[in-house]
Amino acid sequence: MLIRKAEFVKSSPALKDCPKPDRPEYAFIGRSNVGKSSLINMLCSHGSLAKTSATPGKTRLINHFSINGSWYLVDLPGYGYAKVSKSMLREFDRTIIHYIGKRDSLCYVFVLIDSRIPPQAIDLEFINTLGSLQIPLTLVFTKIDKTTQRERNSHIQALKDKLLETWEELPPCFYTSTITRSGREEILDFIEECNREEAVQNKEA
Ligand SMILES: Nc1nc2c(ncn2[C@@H]2O[C@H](COP(=O)(O)OP(=O)(O)OP(=O)(O)O)[C@@H](O)[C@H]2O)c(=O)[nH]1
Ligand SMILES: [Mg+2]
């Protein structure tokens, strides 16, 4: 899919502040510093659409970006950032879960996982929470340029094996690097197909 136009729309503290849910929307979530904002910039071929930082905890709000004037990408705050106080962490998590659980126009949640490290309890917990809420999700293994193939395959397989202990099948998986732009076409094609299905369903309704 060709991205002709990518524009920042709004940063919202909570669901009630978000733009009208009048078009398909795809949200990016994952631990702080996993690369959510960078991935959004890579997908849009835009260096600085979403704010990124080497310091975790950069994204604090629900950020909507309008793509081609017809759908939204959403950059969310990261979960599990240890330097944020416990109560703030819970506040973030509540805001995110509320947004994800109640946002009618949300088509998919892209859960980003750092391919450099073994499975983390907090990621599994979050994926399972989405599962229990029956939220459609995909897994995105990030920063693949920073690992050897052998190393990341072992981390990725370990996470998949953990999930398959309780999940009947794995969600769609993507493998990305903002340096080599790996995974870009695959994710955009996936979104294009979802947008198409969404349009058909709306016509039938
Ligand atoms: N080498 C490499 N670095 C990456 C990649 N993706 C992100 N980074 C780096 O990782 C750091 C964090 O990236 P962000 O995109 O700000 O991460 P985030 O998940 O949005 O972080 P928060 O907003 O704090 O939750 C930055 O220094 C990025 O340059 C990648 O694919 N490869
Ligand atoms: Mg961010």
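Calculation criteria
Residues numbered from 1 in each chain as written. Chains lettered and ligands numbered in written order. Predicted model: local features only at pLDDT ≥ 70, side-chain atom pairs only at ≥ 80, totals over all residues. Near = placed C-beta within 6 Å. Helix = DSSP H or I, 4+ residues; strand = E, 2+ residues; numbered from the N terminus. Nonpolar A, V, L, I, M, F, W, Y, C, P; charged D, E, K, R; others polar. Buried ≥ 20, exposed ≤ 12 C-beta atoms within 10 Å, placed from the backbone. Contact = placed C-beta atoms within 7 Å. Pairing = 2+ DSSP bridges. Axes fitted to C-alpha atoms, helices over the stretch in contact; angles between N-to-C directions. Core = buried A, V, L, I, M, F, W, Y, C linked by C-beta atoms within 7 Å.

> Is there a simple way to explain the site of ligand 1 in this structure?
Around ligand 1, a shell composed of 25 residues is seen, among which Gly 35, Ser 38, Thr 52, Thr 59 and Gly 78 lie nearest. The element best represented in the shell around ligand 1 is helix H1 (residues 36-44), accounting for three residues. Each residue belonging to the shell around ligand 1 can be placed in one class, and the counts come to five nonpolar, 15 polar and five charged.

> Looking at this structure, how should I read H1?
Side chains of residues three or four places apart in an α-helix project in the same direction, reflecting 3.6 residues per turn. The element H1 is largely enclosed, with a buried count of eight among its nine residues. Regarding H1, the residues found buried are Lys 36, Ser 37, Ser 38, Leu 39, Ile 40, Asn 41, Met 42 and Leu 43. Residues of H1 that are buried in the fold lie against strand S2 (25-30), strand S3 (62-67), strand S4 (71-75), strand S5 (106-114), strand S6 (137-142) and helix H5 (184-204).

> Is there a simple way to think about the sheet that holds S3 in this case?
Each strand in a sheet pairs with another by means of backbone hydrogen bonds, the pair being arranged parallel or else antiparallel. Taken in spatial order, the seven strands make up an open sheet running S1-S3-S4-S2-S5-S6-S7, and their pairing is mixed. The open sheet has two free edges, formed respectively by strand S1 (6-12) and strand S7 (173-175), since each of these has just one partner strand. The sheet shows a mean angle of 25° between the axes of neighbouring strands, taken without regard to direction. Bridge count for S6 against S7 is three bridges, and the pairing is parallel. From the neighbouring strand, Leu 139 faces S7, where its bridge partner is Cys 173. Packing of H5 onto the sheet brings it into contact with S2, S4, S5 and S7, and relative to S5 it is tilted by some 160°.

> Looking at this structure, how should I read the nonpolar core?
Soluble, globular proteins show a tendency: their nonpolar side chains are buried together. Within the largest apolar cluster, 38 residues are counted, with the highest numbers of intra-cluster contacts made by Ala 27, Phe 28, Val 111 and Leu 112. Looking at which element gives the most residues to this core, the answer is S5, with five residues. With residues near it in sequence (within four places) discarded, Val 111 still touches Ile 29, Gly 30, Phe 126, Ile 127, Leu 137, Leu 139 and Val 140.

> I would appreciate a short explanation of the environment of Ala 27 in the present structure.
By the secondary structure assignment, Ala 27 is in strand S2. Classification of Ala 27 as buried rests on a count of 25 C-beta atoms within 10 Å. The sequence separation of Ala 27 and Leu 76 amounts to 49 residues, and the corresponding C-alpha distance is 7.0 Å. Other than its neighbours up to four places away in sequence, Ala 27 contacts Val 74, Leu 76, Ile 100, Leu 106, Val 109 and Phe 110.

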